Amino acid sequence: MKVEVDVPKCVASGQCVMIAPEVFDQRDEDGMVVLLDETPAPEVHEAVRESAMVCPAAAIHLAE
């Protein structure tokens, strides 16, 4: 799995951080998404998929 984020689309809801904190974080100054791991381990793939699915801005893209 490869993860990409479209930071300009991010609305700083933080859903991805709550679901997959190993892969996503937020910038302190504005809450925008920070991608911590673009090729996460298989054990977090399901959480990453859920993060992409619930992102209100559709800013998370996955290639599997």
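As recorded in an unreviewed UniProt entry, the protein chain goes by the name Ferredoxin, listed as coming from Streptomyces africanus. Turning to the protein chain, the UniProt annotation filed under Function (unreviewed entry) states: "Ferredoxins are iron-sulfur proteins that transfer electrons in a wide variety of metabolic reactions." A UniProt comment under Cofactor (unreviewed entry) is attached to the protein chain, and it reads "[3Fe-4S] cluster".

Student: How should empty space enclosed by the protein be read in this particular structure?
Tutor: Gaps between atoms show up when a probe of the same size as a water molecule is rolled over them. On inspection of all chains with the given rule, the structure shows 1 cavity of 30 Å³ or more. Of the voids in this model, the largest cavity is the one considered here, and its volume is about 100 Å³. Lining of the largest cavity is provided by 16 residues; of these, Cys10, Ser13, Gly14, Cys16 and Cys55 occupy positions nearest its centre. Residue composition of the lining of the largest cavity, grouped by class: 10 nonpolar, 6 polar and no charged.

Student: What am I meant to see in the pattern of salt bridges here?
Tutor: Between side chains of opposite charge, pairing is possible as soon as their charged atoms come close. Summed over all chains, the structure comprises 5 salt bridges. Put simply, arginine 27 and aspartate 30 hold a salt bridge, and the shortest N to O gap is 2.6 Å. With a relative accessible area of 31%, arginine 27 lands in the partly exposed category. The class of aspartate 30 is partly exposed, set by a relative accessible area of 37%. Here glutamate 46 ties to arginine 49 by a salt bridge, and the two come within 3.4 Å at their closest N and O atoms. On the criterion of helical spacing, the pair formed by glutamate 46 and arginine 49 is a turn pair, its members being 3 residues apart in helix 2 (residues 45-54). Overall, the relative accessible area of 54% leaves glutamate 46 in the exposed class.

Basis of the calculations
Residues numbered from 1 in each chain as written. Predicted model: local features only at pLDDT ≥ 70, side-chain atom pairs only at ≥ 80, totals over all residues. Heavy atoms only, no water. UniProt positions renumbered as here; feature names shortened; annotations may be inferred. 1 Å grid on protein atoms, 1.4 Å probe; cavity = no way out; pocket = protein on both sides within 12 Å on 5 of 7 lines; lining within 4 Å. Points joined across faces, edges and corners; volume = space filled by probe spheres on them. Nonpolar A, V, L, I, M, F, W, Y, C, P; charged D, E, K, R; others polar. Salt bridge = Lys/Arg side-chain N within 4 Å of Asp/Glu carboxyl O. Buried < 20%, exposed > 50% of the residue type's maximum accessible area, 1.4 Å probe, protein only. Helix = DSSP H or I, 4+ residues; strand = E, 2+ residues; numbered from the N terminus.

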